[in-house]
Structure formats: structure tokens, C-alpha cells
Amino acid sequence: MAKKTISSMDNFQEKLPKAGSQKASNLLVTLLAACLVLSLLAAIMSIFVGVKVAKFDSIGSDLQLAVSRMGIVAGETQEDDVTISDLYTVRSTQTISRAYLAGKDSGLDAKQKEVYDLASATLKNIIKDDMTTFQKEKAVYEWMCKNLEMAEATEVNIPVSSSQIDEPYGVLKTGTGVPVGFATTFRMFMEMLEIPCKVVHDTAFTNAWNMVQLDDENWYHVDVGSDITYGNYENFNMNEPVCAYKHTWDTDFFPAATGTKYCYALMKAGEVKDLYNIPTRIKKAYDKKRKCIFLKFKTTSGKDLELVDELVSRTADYLGGNLAENADTTETAENNGRGVADAVCIKMEDYYILGVFFADGSQKNAGLNQKDYNKISKAVEKAFPAVG
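Bear in mind that the values here come from a model prediction, so they are computed numbers and not experimental data.

1. Quick look at the sheet that holds strand S11 (residues 352-360)
With mixed pairing, four strands are arranged side by side in an open sheet as S8-S9-S11-S10. The open sheet terminates on both sides in strands that have one partner only, identified here as strand S8 (270-271) and strand S10 (338-347). Pairing of strand S9 (residues 292-297) with S11, which is carried by six bridges, proceeds in the antiparallel orientation. Within S11, the position partnered with Phe-294 by the bridge is Gly-355. Relative to the sheet, helix H12 (residues 302-319) contacts S9, S10 and S11, its axis offset from that of S10 by approximately 170°.

Below you can see the structure in the form of C-alpha cells.
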């Protein structure tokens, strides 16, 4: 059976995010009811049986923690003070952005002033007076993808507390962060540039990203954390159909993202009338060292979608990268990390958008490749030569 490069066929169908506030309200009621029942049971057992009820207290505390980490107040989703992955909290940075706009940092504490200085210096280097709102946003996205890295679980000796990689202080000071840190840092930069921006979290509370409002008055999703390794615009300025392919969020709370003017996939999409030209189009983009290519095509045939999947798969096999069958071979390693990193096919209203994203060899924290493993083997063999 041919391997599926882009996705299963089910994922080619239009996937829109589900509203989360009603589910959140129902879950909140259920959790609170469970807490009350357990507390009552614990009290009865304590009085009449004399049983230690620490276990029940613990269960009740866990349920209350679950309610807290959902970021729900009176059944409502909220933007700040939400805990992601049980570790990282979304916090406001408006004190810093307001100080920047006022042009004075006298009201900031030492830590806030350090963030203020680092952020101000960054914007001075990358932002020009004649830039449009979109150009400013894109400049910040590109700077973050180029200069920041995802913090790894094995990382040690970070100069600041690991708990600070979920906020701009740790992100800008160490150059490493987690999705919450990237999202709050991006929002801070946008607020300093007077561009409306929000931090969004997924319905599973495992990821955080941003929504930004540009000069067309429309909102767009930007997931810097997901693009931090390759910086290939896969998650840059997405409208809802594009974002919903890999993200879920509370669409009742966060604003609708219906714009098309600055949706990067639509801005860059070139039309393909003959699907058999797709490999050539991908190869040309790869040879020009582009970070991605978006192609638009129309079809009502499931067979055509299978054809596109197979064409991208075969092309990736030639170019190497994550999607290639030889992704872990020396041949791929000799491409210096270049190749096809990912591909998606998203159904819009009456057409499909194919996005192919490249690894250009400059990615950070991409893991060990075959060259690395070969060097490791030689180093170990040198230390422990075989006995003749």
C-alpha cells in the first residue's frame, strides 16, 4: 500500500474548529458536582467511620486543579492566567508594552526593565518607519524564527529559571522558550507596535499561539512556536480553514479569522491546472531555496487527492527530508539537512490549497542526523577498538 505523505484521506475534508465554550461549561458543571460529591462523602466517612480521607481530598484537589488549568471563569474561556501543559502560564506583559509606548521605563522593576531594553533593541534593529503593519508583523515573526530555539527537555544550565521560558524575560534573555513563551513574546512585540494581538490556547491546553489584527481589520492566526525550527511560514497568518487543519480552539471566545488579504497561504498560492506539474513546481521552489510553496487546484475527485498525495510523496523521496522514505539515510544527511519538512492539503470553499514546506539546513534543534550518528560511532569505536 502506498504511504500517505500529506494525511489520510479523511483529513482532506474540510475541518472547522468546534465551539468550545458550551463544552467547557458542561465540563465545569460536571467537575464541580464531582468535587461536592467527593467532599460530602469524605465528610461522612470522617464522622461515622473515622477513615482517613486524604485520598478523597487529593482527588477533589485534582478536580479543582483541572478546573483552574482550563482557564474558565463562570463558564468562560479567558486569554491570560491560563495554564498550558500543567507547567506554563500565559501572563500579561502590558506593563512593558505601555511603558515602551510612553517612552519611559521609570515604573518598571529590574526584571521588566531588562525585558524592555532587550525588546526595544530588537525592534530598533528590525522595524523601519515606512513599514506597513503586515511588514512589521512579518519582520517580528522572521526574527523570532531565526534567533530563538525551542527549549529541549534535556537542556541544562540555563542562566535563568526554567520556569521563565514561558515569558519574554526567559525567551529574550536565553534565546530559548516554549510555545507559551513564544506566544507571549510575540504578543508583547505586537503591542509595542500598536498592532492588536491575542494569545490563543488549544482546547486540550497543550499549545498556545497568537491571533493578530492587521490593517484590513481582519484577524489571523500565527503559531511562531510551531515554526520556530524551520521558519518556513507553515503557521504564519492563517485564516480559520487553514489554522483548523492542525489547531483547535474556542471559536466562541476568540475572534473569527476570516481574512484573505494577508492569509499567507492564499497570498502565495499559484494555480495548478495540470496536477502532474506539481513535482516540477516543487522542484523549482526547492532549487531557488525558498522556504515553502503554496499551490491552488480545483477538483471534486477523491482520486485526484490521492494523486496529489502520491506526487508529493515521490517528490519528497527525491529531495529528502522528513517526508522521504530515506529520511534517516546518509544520502539524506548529505543534503545538509535540506528537504521536504512537511506538506498539507487543505480544502477551502471550492478549491484546495497544497502547502509544501522545506527544511533548508539552517534549522535549530532538529535532532541528530545520520552524519552525527556516523561521527558518534567512530568516536566510540576509537575509544573501544575491537580486539584482534
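2. Remarks on the nonpolar core
In this structure, Val-140, Tyr-141, Met-144, Phe-186, Phe-189, Met-190 and Val-224 are the most contacted members of the largest nonpolar core, which totals 62 residues. Ranked by residue count, the leading element in this core is helix H5 (residues 133-147), at seven residues. Ignoring any residue separated from it by four or fewer positions in sequence, one finds Tyr-141 in contact with Phe-186, Val-222, Val-224, Asp-227, Gly-231, Asn-232, Tyr-233, Glu-234 and Phe-236. One finds Val-312, Leu-319, Val-340 and Leu-354 within the second-largest nonpolar core, a separate group that totals 23 residues.

3. What about the pairing of S11?
Here S11 lies mainly inside the structure; eight of its nine residues are buried. Relative to S11, S10 runs antiparallel, the two being bridged by nine bridges. Looking at S11, one finds that Asp-342 is bridged to Phe-357. Hairpin connection from S10 to S11: four residues lie between these consecutive antiparallel strands.

4. A closer look at the side chain of Thr-176
Following the sequence through the fold, Thr-176 ends up in strand S4 (residues 176-177). For Thr-176, a relative accessible area of 6% puts it in the buried group. Only 2.8 Å separates the side chain of Thr-176 from the side chain of Thr-174, close enough to count as a polar contact.

5. Concerning helix H3 (residues 94-102)
Turning to H3, its buried residues are Ile-96, Ser-97 and Ala-99. Buried residues of H3, viewed axially, fall in a sector of 160°; they line one side. Facing away from the buried side of H3 by over 90 degrees, the exposed positions are Arg-98 and Ala-102. Elements in contact with the buried residues of H3: helix H4 (110-126) and helix H7 (179-192). Positive backbone phi, approximately 75°, marks Gly-103, located one or two places after H3.

6. Considerations on the packing of aromatic side chains
All chains considered together, the criterion is met by 16 aromatic pairs. Look at Phe-294 and Phe-357: their rings are 5.5 Å apart centre to centre, the planes differ by 75°, and that puts the pair in the edge-to-face class. One end of the pair, Phe-294, is in strand S9; the other, Phe-357, is in strand S11, with 63 residues separating them in the sequence. Judged by its relative accessible area of 1%, Phe-357 falls in the buried class. Residues Phe-297 and Tyr-352 carry aromatic rings whose centres are separated by 5.6 Å and whose planes lie at 15° to one another, so their mutual orientation is stacked. Here Phe-297 is found in strand S9, whereas its partner Tyr-352 is found in strand S11, with 55 residues between them in sequence. Here Phe-297 matches Tyr-352 in class, with each residue buried. Counting every residue linked through ring pairs, the aromatic cluster contains Phe-134, Tyr-141, Tyr-220, Tyr-233, Phe-236, Tyr-262, Tyr-264, Phe-294 and Phe-357.

Reading the values: the criteria
Residues numbered from 1 in each chain as written. Predicted model: local features only at pLDDT ≥ 70, side-chain atom pairs only at ≥ 80, totals over all residues. Heavy atoms only, no water. Pairing = 2+ DSSP bridges. Helix = DSSP H or I, 4+ residues; strand = E, 2+ residues; numbered from the N terminus. Contact = heavy atoms within 4.5 Å. Axes fitted to C-alpha atoms, helices over the stretch in contact; angles between N-to-C directions. Core = buried A, V, L, I, M, F, W, Y, C linked by side-chain atoms within 4.5 Å. Buried < 20%, exposed > 50% of the residue type's maximum accessible area, 1.4 Å probe, protein only. Polar contact = N/O pair within 3.5 Å; in protein donor to acceptor, adjacent residues only side chain to side chain. Arc of directions from axis to C-beta. Phe/Tyr/Trp six-rings, centres within 6.5 Å; stacked < 30°, edge-to-face > 60°.

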